[in-house]
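Residues per chain, in single letters:
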Amino acid sequence: MAEPKENVLMEKIVSLCKRRGFIYQSSEIYGGINGFWDYGPLGAELKRNVKELWWNTMTRLRDDVVGLEATIIMAPAIWKASGHVDTFSDPMIDCKTCKGRFRADQTDEIACPQKPSKCVNECHGEKTAPRAFNLMFQTYVGPLQDDSAVAYLRPETAQAIFAQFKNVLETSRQKVPFGIAQVGKAFRNEVTPRNFTFRSREFEQMELEFFIKPDEVIEAISGSVATVPDPGHPGEPQPNWGWQAWHQYWVEERVAFYERIGLSRHTLGFHVQTPEELAHYARATTDILFKFPFSKRDGQGELKGEELEGIAARSDFDLSQHQRCSGKPMGVFDDELRTAWGKLPKEKQDDLWRRYCENRKKYLTKTGVTDEAATKQATEDANGLAKGQYIPHVIEPSAGVDRLILALLTNAYSDATKTDEKGKVETTVVLKFHPRVAPIKVGVMPLLKNKPELVTKAHEVRDLLRPWMNVFYDDGGSIGRRYARQDEAGTPFCLTIDFDTLGEKPELLNTVTLRHRDDGRQERLAIGDLLTWLLPKIR
Ligand code: ATP
């Protein structure tokens, strides 16, 4: 039976990744280790570009976001407070016949080890009842390997941001609304790692926690909370934005980011979580999907897409949890609120007080606090409004680096098969990366490697560009071969230094041929103009 087209594409991508040094299986010489992947020379550059673009977009190009780089192992109490120790688990089932182990919610998609081409349901083996399997990797800190030394490799980067919220607030001169961004490794002992790097056990995340004022505070300061306009980008942030406008803003900002690096809107999909899917504390979550070849299809046969990033409006749950569990205050003082509150009519104060108090009580009751204690605490919290105090809410855009790399590779892949005069079939691959993410920006090539004048000039061009971008110098083989190698690596531009560069045609002295990857078009550019031509395209 023919392989489905999407599997063929995935196979081609996996094989190209290995052949060209994008992604290798971890520990391959020892047979590999399931769910772990290494990035080779081209993959490492691609990944670095993606993370740097994210970092620049989310922090350096904004006034209202700052960065953090926290440790992977943190106090285990953090994971208790966040809920990961008790609830970060997948339902796992075992097949008594084939001994396969599966996620209970994904059995229709997983290959049975005894009949790899069949799905588990066809195995017909008796399955165990689902058991909760915690996804956190455990380790021990210090020489003793007992319960008191248990620690976890972080399953997400976000919690460090909440735990360090007060330190950052106090040292960064930021005021709510503002965000804290972090890029780093996360670890999940996934029951069934699959689809190449899509579901790995070690991966990287790019997360932003954007702290905002609760809607009651906005109402106290601005009179009312902005209504969310029609779908689309709501524009520049406004002081009267509540959580809905901020949530929509971040969804659109993140889509704009994906478009800037070459993933057009039609390659993406959206999943708005239903009330049943939402975590109890979340107000809304929108997942941005990418139409991976292995995605499920909708009724019309169109790829639906798989999650690339989730953008969640998480209320004040996270900071509240850390306040409750650590005993350290996580609230902020807002002078604007205090002043505004004093000027509000009594009935408005009462209305806002009551709504804030109800929300706080709802949160406290959900965490298991008794009704009496919850009422007392919620009353205290609501009384804080008059003093300008509240616990910020948060919008969390959380993206996976590795899934994005896989999306970029899939999106860029294009191949063509040609048969030459002798009947030899040749397949050429072009990776059409956006220049911003391409691992190599420019290939620099002397026409001939045995002509010292050409080589010297080519070195000059390479050294001119190198401090600004990743350049690959290639003097081996025919120019056509060299172009093809760069096409396969996804290099958007190649520069050839030829005899005209040296002045054979005097009017072309100190110019080079610039060749475009996607259409093979060539143009002549002065060496002195190269940086001004290239830089805006790769940044
Ligand atoms: P999924 O439902 O696919 O397991 P999730 O909803 O658990 O993902 P989050 O906890 O929201 O994922 O993590 C944020 C992002 O981290 C995801 O959108 C994804 O890009 C990335 N991510 C999560 N788990 C993995 C994994 N096992 N391998 C690679 N990337 C991951």
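Since this is a predicted model, take the numbers as computed values, not measurements.

**Student:** Quick question: what am I supposed to make of the sheet that holds strand β6 (residues 131–134) here?
**Tutor:** Pairing between the strands of a sheet comes from backbone hydrogen bonds, and it takes one of two forms, parallel or antiparallel. In space, the three strands of this open sheet follow the order β5-β4-β6, with antiparallel pairing throughout. Each edge of the open sheet carries a strand with a single partner, namely β5 (101–103) and β6. Each neighbouring strand pair of the sheet contributes to a mean axis angle of 45°, computed without reference to strand direction. Two elements, strand β4 (residues 89–94) and β6, share four bridges in a ladder whose sense is antiparallel. Its bridge partner being in β6, Met92 is matched across the sheet by Arg131.

**Student:** Would you mind showing me how to read the sheet that holds strand β9 (residues 178–187) here?
**Tutor:** Read across the sheet, seven strands follow the order β3-β9-β10-β16-β13-β12-β11 without closing on themselves; strand pairing throughout is mixed. Lying at the two open borders of the sheet, with one neighbouring strand each, are β3 (65–67) and β11 (268–272). Between one strand and the next, the sheet's axes are offset by a mean angle of 20°, whatever the strand orientation. Pairing of β11 with strand β12 (residues 284–290) involves five bridges; the strand directions are antiparallel. Across the sheet, the residue bridging to Leu268 is Phe290, located in β12. With respect to the sheet, helix α7 (residues 165–172) is in contact with β3, β9 and β10 (202–212), its orientation differing from that of β9 by roughly 135°.

**Student:** Explanation requested: the pairing of strand β21 (residues 493–497) in the structure shown.
**Tutor:** In summary, the side chains of a regular strand alternate between the two faces of the sheet. Taking burial as the measure, the five residues of β21 include five buried ones, the bulk of the element. Burial along β21 is two-sided: Phe493, Leu495 and Ile497 and Cys494 and Thr496, pointing in opposite directions, are all buried. In this sheet, β21 lies alongside strand β19 (residues 442–446) in parallel orientation, the contact comprising five bridges. Note that in β21 the partner of Val444 across the bridge is Leu495.

**Student:** Quick question: what am I supposed to make of the packing of helix α15 (residues 452–465) against helix α17 (residues 530–538) here?
**Tutor:** Packed helices, taken two at a time, are described by the angle their axes make and the gap between the axes. It is at 11 Å that the axes of α15 and α17 come closest, and there the two elements cross at 45°. Judged by the angle between their axes, α15 and α17 are oblique. Every pair of crossing elements has a handedness; the one defined by α15 and α17 is right-handed. Together, Val461, Leu464 and Leu465 of α15 and Leu530, Leu531 and Leu534 of α17 make up the contact between the two elements.

**Student:** Before we go on, may I ask you to explain the pairing of strand β13 (residues 306–313) in this structure?
**Tutor:** Among the eight residues of β13, seven are classified as buried, and the element is accordingly described as predominantly covered. Note: β12 against β13, seven bridges, orientation antiparallel. Among the inter-strand pairings, Asp287 is bridged to a residue of β13, identified as Gly310. Bridging between β13 and strand β16 (residues 393–400) involves five bridges; their strand directions are antiparallel. Note that in β16 the partner of Ala313 across the bridge is Ile395.

**Student:** Would you mind going over α17 with me for this structure?
**Tutor:** Think of an α-helix as 3.6 residues a turn; residues three or four steps apart then line up on the same face. For α17, the full list of buried residues reads Leu530, Leu531, Trp533, Leu534, Leu535 and Ile538. Tucked into the core, α17 has its buried residues touching β19, α15, β21, β22 (511–516) and β23 (522–526).

**Student:** Even after reading the chapter, I still don't get the packing of helix α2 (residues 41–60) against helix α9 (residues 243–260), so can you show me in this structure?
**Tutor:** Contact pair α2 / α9: the axes reach a minimum separation of 11 Å and the direction vectors enclose 140°. The pairing of α2 with α9 is recorded here as oblique in orientation. Relative to α9, α2 is oriented so that their crossing is right-handed. Contact residues: Val50, Leu53, Trp54, Thr57 and Met58 in α2; Trp250, Arg254, Phe257 and Arg260 in α9. Looking at the contact of α2 with α9, its residues break down into six nonpolar, one polar and two charged.

**Student:** Whenever I open this one, the side chain of Thr501 confuses me. Can you help?
**Tutor:** By the secondary structure assignment, Thr501 is in the loop between β21 and β22. From its side chain, Thr501 meets the backbone nitrogen of Asp498 in a polar contact 2.9 Å long. Contact partners of Thr501, with chain neighbours within four places excluded, come to Lys457, Thr496, Leu508, Leu509, Asn510, Thr511, Val512, Arg524 and Ile527.

**Student:** Just to check I follow, could you spell out a nonpolar patch on the surface for this structure?
**Tutor:** Together, Ile72, Ile73 and Val141 line one region of the surface with nonpolar side chains, adding up to about 210 Å² of accessible area. Position of Ile72 relative to the elements: it lies in the loop between β3 and α3 (76–81).

**Student:** Can you walk me through the packing of aromatic side chains in this structure?
**Tutor:** Working definition: an aromatic ring pair is given by the centre-to-centre distance plus the angle between the planes. In this structure the tally under the stated criterion is 20 aromatic pairs. Joined through ring pairs, the aromatic side chains of Phe210, Trp241, Trp246, Tyr249 and Trp250 make up one cluster. Directly above the ring of Phe198 sits Arg403, whose terminal nitrogen or CZ lies 3.8 Å from the centroid. For Arg515, the ring lying beneath its charged end belongs to Tyr483, and the centroid distance is 4.4 Å.

**Student:** Before we go on, may I ask you to explain the site of the ligand in this structure?
**Tutor:** What surrounds the ligand is a group of 14 residues, the closest being Arg188, Glu190, Arg199, Ser200 and Glu307. Separating an oxygen atom of the ligand from a side-chain N or O atom of Arg199 is a distance of 2.8 Å. Within the contact set of the ligand, a nitrogen atom lies 2.8 Å away from a backbone nitrogen or oxygen of Ser200. Compared with its free state, where it exposes 590 Å², the ligand has 80% of that area covered by protein.

**Student:** Would you mind going over the confidence of the model for the protein with me for this structure?
**Tutor:** For residues with low pLDDT, the predicted coordinates do not support detailed interpretation. The predicted model of the protein averages 94 in pLDDT, with 96% of residues at 70 or higher. Below a pLDDT of 50 lies the segment residues 114–119, which in the model reaches ten contacts outside its immediate sequence neighbourhood of four places, other chains included.

Criteria and cut-off values
Residues numbered from 1 in each chain as written. Predicted model: local features only at pLDDT ≥ 70, side-chain atom pairs only at ≥ 80, totals over all residues. Heavy atoms only, no water. Pairing = 2+ DSSP bridges. Helix = DSSP H or I, 4+ residues; strand = E, 2+ residues; numbered from the N terminus. Axes fitted to C-alpha atoms, helices over the stretch in contact; angles between N-to-C directions. Contact = heavy atoms within 4.5 Å. Buried < 20%, exposed > 50% of the residue type's maximum accessible area, 1.4 Å probe, protein only. Parallel < 35°, antiparallel > 145°, perpendicular 65-115°, else oblique. Left-handed = near helix turned anticlockwise from the far one by under 90°. Nonpolar A, V, L, I, M, F, W, Y, C, P; charged D, E, K, R; others polar. Polar contact = N/O pair within 3.5 Å; in protein donor to acceptor, adjacent residues only side chain to side chain. Patch = residues over 30% accessible without salt bridge, like charges linked within 9 Å, V, L, I, M, F, W, Y side chains within 5 Å. Areas by Shrake-Rupley, 256 points an atom, 1.4 Å probe, with all protein chains shown as cover. Salt bridge = Lys/Arg side-chain N within 4 Å of Asp/Glu carboxyl O. Phe/Tyr/Trp six-rings, centres within 6.5 Å; stacked < 30°, edge-to-face > 60°. Lys NZ or Arg CZ within 6 Å of the ring centre and 35° of its normal. Near = heavy atom within 4 Å. pLDDT = per-residue confidence, 0-100.

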